[in-house]
Amino acid sequence: MEHALSLFVRSIFADNMIFAFFLGMCSYLAVSKDVKTAAGLGVAVIFVQTITLPINYLLQVHVLAPLGLGYLSFILFIAVIAAIVQLVEMIVEKVSPSLYNSLGIFLPLIAVNCAIMGGSLFMQQRVLLDPENVKAIANLGDAFAFAVGSGLGWMLAIVCLAGIREKMEYNDVPKPLQGIGITFITVGLMALAFMCFSGLNI
Amino acid sequence: MLSKQTKEAFLGPLNANNPVLVQILGICSALAVTVQLKPALVMGISVTIIVALSNVVISLIRKSIPMRIRIIVQLVVVAALVTIVSEVLKAFAYDVAMQLSVYIGLIITNCILMGRLEAFAMTNNVKDSLMDGLGNGLGYAMILVIVAFVRELLGSGKLLGFQVIPQWCYDHGYSNCGMMLMPAMALILVGCVIWAHRSINEEKK
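The shown structure was predicted, so the numbers you read here are calculated from the model rather than taken from an experiment.

Draft legend 1. Representation of the overall build of chain B within the structure. Secondary structure summary: chain B contains 10 helices and two strands in total. Each helix and strand of chain B, ordered N terminal to C terminal, gives the series α-α-α-α-α-α-α-α-β-β-α-α. Relative to the 2.2 N^0.38 estimate, which gives 17 Å for 205 residues, the radius of gyration of chain B is 19 Å and therefore close to what a compact globule would have. Dimensions along the principal axes, computed over C-alpha positions, put chain B at roughly 65 × 45 × 30 Å. Here chain B holds 205 residues, and the buried ones make up 52% of them. Within chain B, contacts between residues separated by at least 24 positions form 76% of all contacts whose residues are at least 6 apart in sequence. Carbon and sulfur atoms make up 69% of the accessible area of chain B, which amounts to about 9,500 Å² in all.

What follows is the structure, given as structure tokens:
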């Protein structure tokens, strides 16, 4: 339990998907113009991450590893992600049309969000680690903690950036730097700030 | 020899329509593998090969792919190519493959691939698609090399693992800029490259 909690907190702050590994950068930069849509995409990422990562964990541990089919993991993981995204999209559309309308456009995008695929690939590496290691994923509970944590960390990062970009509308930025250029530098400075979490241990 | 359109498909992405600087695609890996020049080069070459080949494959079968499931078909083609490249790297360049770790697998979700497949290969013939893939891959590799060059030179005083800043500089008080090795500097450097690229292109107009 303690291990899962530590993993959870670490994956939000110290191993933040955006600031430490640059995963999911494309949609991160494209959809961070206002806080509301950013939060919507963040929720969708947490949702899909929490479903796909434990499924991929089970596949890795119970199917791929015993059969020695590690080289098929890329195709299998991406197929699971694409299928789950499609499924989630259909279920959300049926069950809650209002949620579908607010998330709708982002759901298909998530299939190619590196944070989701990256989460599964990191899981694949961490399964092999020594169980004493703070980064190890030793059971299904750990996989859940890592999934929710990394999703939350991603959402935290995109909401922060959207807030800053909304404020920055009124700033006097040099013309060639406007738009994407200054956004990169802002994210860089935010990443520097997040580095103070890197020694975090519980 | 090459028609104007084919030439444009190849040269456009190298400068005016660069995938990283202008289309803002494939940022994730561009930032993560640029601490040293060698992994950046390997990554650039791998992406170029995969973009070119997947563009060719999708362009060949573009007329027989049903519209509704095209994303999944594209993902499977790309995932198969990435698996091959990953196995080849593990066999012939094991240490670099370990350094690149998950980022090789992440080429699958690299937006450059999906972007080019959707925007170009689905509607163009094989030859143009090949050129477009090569152009975009090289445009991407170029940015990787620029950023990695600056980071490795200033961060550890080396290029491709060889010491280039001589010892007497260190003796006279020069020291490596450790901050260049941190992830944050990659973002700031790419921001600066975009800045330079935009101001140069603006002057031309």
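Draft legend 2. Quick look at helix α8 (residues 140–168) of chain A. Between its first and last C-alpha, α8 of chain A extends 42 Å over 29 residues, near the 42 Å set by a 1.5 Å rise per residue. Where α8 of chain A starts, the residue carrying a side-chain oxygen 3.1 Å from the main-chain nitrogen of G141 of chain A turns out to be N139 of chain A.

Draft legend 3. The interface of chain B and chain A, seen in detail. Facing the 37 residues of chain B at the interface are 39 residues of chain A. With both sides pooled, the region where chain B packs onto chain A buries about 3,300 Å², and carbon together with sulfur makes up 83% of that total. The tally of links from chain B across to chain A stands at zero salt bridges. Applying the counting rule to chain B against chain A returns zero residue pairs in polar contact (both at pLDDT 80 or more). Taken together, the elements giving at least two residues each to the side of chain B that touches chain A come down to α2 (27–32), α4 (70–92), α6 (102–105), α7 (111–121) and α10 (183–204) of chain B. Among the elements that line the side of chain B that touches chain A, the one with the most residues is α10 of chain B, at 12 residues.

Draft legend 4. Main features of the packing of aromatic side chains. Residues and elements named next belong to chain A. Applying the stated rule across the entire model yields three aromatic pairs over all chains. A centroid spacing of 4.6 Å and a plane angle of 45° characterise the contact between F21 and F122, whose relative ring orientation is tilted. Here F122 lies in helix α7 (residues 114–126) and F21 lies in the loop between α1 (2–12) and α2 (25–30), a separation of 101 residues in the sequence. Just as F21 is buried, F122 falls in that class too.

Draft legend 5. Highlighting the side chain of R62 of chain B. Residue and element names in this part refer to chain B. Examined against the element boundaries, R62 turns out to sit in the loop between α3 (37–61) and α4. Engagement of the side chain of R62 in a polar contact is seen with the backbone oxygen of N124, the distance being 3.1 Å. Among all residues touching R62, those that are not within four sequence positions of it are A121, M122, T123, N124 and N125.

Draft legend 6. Just unusual backbone geometry, in detail. Here the phi dihedral of F22 of chain A falls at roughly 55°; this positive angle occurs in a residue that is not glycine. Here F22 of chain A falls in the buried class, since its relative accessible area comes to 2%.

Draft legend 7. Representation of the nonpolar core within the structure. Judged by nonpolar contacts, the single largest core of 121 residues is most densely connected at M25 and Y28 of chain A together with M43 of chain B. No other element matches helix α4 (residues 73–95) of chain A, which puts 10 residues into this core. Apart from the residues lying within four places of it in its own chain, the contact partners of M25 of chain A are I18 and V187 of chain A together with I27, C28, L31 and L187 of chain B.

Draft legend 8. Highlighting the confidence of the model for chain B. All names here are of chain B. With 98% of its residues at a pLDDT of 70 or more, chain B has an overall mean of 81. In the model of chain B, helix α1 (residues 4–11) stands out as the element of lowest mean pLDDT, 74, in contrast to α3, which has the highest, 88. Quick note on the complex model: pTM equals 0.82, ipTM equals 0.76.

Draft legend 9. Region of interest: the packing of helix α3 (residues 35–67) of chain A against α7 of chain A. Residue and element names in this part refer to chain A. Where α3 meets α7, the closest approach of the two axes is 9 Å, and the angle between their N-to-C directions is 30°. Handedness of the α3/α7 crossing: right-handed. Contact residues: V45, V48, Q49, T52, L53, N56, Y57 and Q60 in α3; A115, I116, G119, S120, M123 and Q124 in α7. Partitioning the contact of α3 with α7 into residue classes produces seven nonpolar, seven polar and no charged.

Draft legend 10. View of the confidence of the model for chain A. Here chain A averages 83 in pLDDT, while 96% of its residues score no lower than 70. The secondary structure element of chain A with the lowest average pLDDT is helix α6 (residues 106–110) of chain A, at 71, and the one with the highest is α8 of chain A, at 90.

Draft legend 11. Representation of the pattern of salt bridges. Residues and elements named next belong to chain A. Throughout the structure, instances matching the rule amount to three salt bridges over all chains. R10 is paired through a salt bridge with D15; the nearest N and O atoms lie 3.6 Å apart. What makes R10 buried here is its relative accessible area of 10%. In this structure D15 comes out as buried when scored by relative accessible area, which is 8%. Notably, a salt bridge pairs D15 with R126, separated by 3.1 Å at the nearest N-O pair. Of this pair, D15 sits in the loop between α1 and α2 while R126 sits in helix α7, and the two are 111 residues apart along the sequence.

Cut-off values and rules
Residues numbered from 1 in each chain as written. Chains lettered and ligands numbered in written order. Predicted model: local features only at pLDDT ≥ 70, side-chain atom pairs only at ≥ 80, totals over all residues. Heavy atoms only, no water. Helix = DSSP H or I, 4+ residues; strand = E, 2+ residues; numbered from the N terminus. Rg over C-alpha atoms; globule rule 2.2 N^0.38 Å. Buried < 20%, exposed > 50% of the residue type's maximum accessible area, 1.4 Å probe, protein only. Contact = heavy atoms within 4.5 Å. Areas by Shrake-Rupley, 256 points an atom, 1.4 Å probe, with all protein chains shown as cover. Expected span 1.5 Å × (residues − 1). Polar contact = N/O pair within 3.5 Å; in protein donor to acceptor, adjacent residues only side chain to side chain. Buried area = accessible area lost by both parts, 1.4 Å probe. Salt bridge = Lys/Arg side-chain N within 4 Å of Asp/Glu carboxyl O. Phe/Tyr/Trp six-rings, centres within 6.5 Å; stacked < 30°, edge-to-face > 60°. Core = buried A, V, L, I, M, F, W, Y, C linked by side-chain atoms within 4.5 Å. pLDDT = per-residue confidence, 0-100. Axes fitted to C-alpha atoms, helices over the stretch in contact; angles between N-to-C directions. Left-handed = near helix turned anticlockwise from the far one by under 90°. Nonpolar A, V, L, I, M, F, W, Y, C, P; charged D, E, K, R; others polar.

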